[in-house]
Amino acid sequence: MKSNLSKSLSEIVSVESWYTRFSEENRESDFFMHVRFQEAVFGGEPEQSVRFRLRLRKADVVVSVEEPLKIPKSSVRRDRLNVEATYEQERTEEKGADICGEVSGEVSPLGAKGNLRLTANAAQKVGETTKSTRKLRASGTLVEHSVDLDGNNRWSFSPVGGEHLLGQAFDRTDPLMKVKHVEPMKKISPVVKVQVKCLREDIDILDLEPKTVSKRLLRRGVGEAVKLRLAEAIIKDTLASEGLEFEGVAEKFASITVADVISEDE
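Residues numbered from 1 in each chain as written. Predicted model: local features only at pLDDT ≥ 70, side-chain atom pairs only at ≥ 80, totals over all residues. Heavy atoms only, no water.

I'd like a rundown of the pairing of strand β13 (residues 177-181), residues and numbers included.
Taking every second residue as pointing to the same face, the buried face of β13 carries M177, V179 and H181, while none of K178 and K180 on the other face is buried. Bridge count for strand β7 (residues 69-70) against β13 is two bridges, and the pairing is antiparallel. Across the sheet, L69 pairs through a bridge with H181, a residue of β13. (Buried < 20%, exposed > 50% of the residue type's maximum accessible area, 1.4 Å probe, protein only. Helix = DSSP H or I, 4+ residues; strand = E, 2+ residues; numbered from the N terminus. Pairing = 2+ DSSP bridges.)

Laid out in structure tokens, this is it:
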């Protein structure tokens, strides 16, 4: 069962956020957040007339707290983070035995494990070996901190390479800031909210196609504009059913909240 403390537009982004439970002895806690961007799919419901995928181009993660909580400004991580995923490519050339291979990942002295074997005679010829290794960027995310108009801490995400945000946003789980309890303790836990927001233009609709087409539309043809309006209607209905805030789905500069999470205290 889905928690009513966590909402997301068809799981286009996964957010986990938590802090240590406050007590009379513990009035200040580290705040942690794990963010993973994903691809959302639509069209699985029988009543949905088109199917498509959604990815995000850019997004802001905004953390807000309610009284009696305060965030010491000096505790907030403001460094510019460039999370980069790499892999190593190793090229091996064997002189004297006509062997030249290119592999990625872990390499044995004679080439890729299980893929290359030398005969006894050829092995005797292997005396000169040249190897070169280079790192290739596969993907990455640029993360920058700022403060919004309401004074809330905001982390903005954009892809380093490629068009979309995909995968884990932070390379490790370090505290992003501290949260301080400044009033007498109560039984009800104070609220730390995390919202993921973007502009409509930063929601990319991919592989848009009709599922079923009426005879009337079939005669007229289903154009891209018609399919787009059908997709936007599905996005709007999903946002509304999840209780997510949005200004619109047709205006490219409209603000849309794609995830809304209440942090857990542990």
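Could you give an account of the confidence of the model for the protein, naming the residues involved and the relevant values?
Should pLDDT be low for a region, the predicted coordinates there are not to be read in detail. Averaged over every residue, the pLDDT of the protein is 80; residues scoring 70 or more account for 72%. Note on residues 97-126: pLDDT is under 50 here. Beyond four places in sequence and across chains, it has 38 contacts. (pLDDT = per-residue confidence, 0-100. Contact = heavy atoms within 4.5 Å.)

Any chance you could break down the nonpolar core for me, citing the residues and the numbers?
Counting residues in hydrophobic clusters, the biggest one holds 47 residues, and the most contacted among them are F31, M33, F52, L54 and V258. Apart from residues no more than four positions distant in its own chain, M33 is found in contact with V15, E16, S17, V61, V63, W155, F170, L176 and V194. (Core = buried A, V, L, I, M, F, W, Y, C linked by side-chain atoms within 4.5 Å.)

Tell me about unusual backbone geometry, and name the residues and values.
A cis amide bond links E67 to the next residue, P68, at an omega of 15°. With respect to the helices and strands, P68 occurs in the loop between β6 (59-65) and β7. Even without being glycine, S10 reaches a positive phi, approximately 50°. Checked against the element boundaries, S10 lands in the loop between β1 (6-8) and β2 (13-19). Given a relative accessible area of 28%, S10 falls into the partly exposed group.

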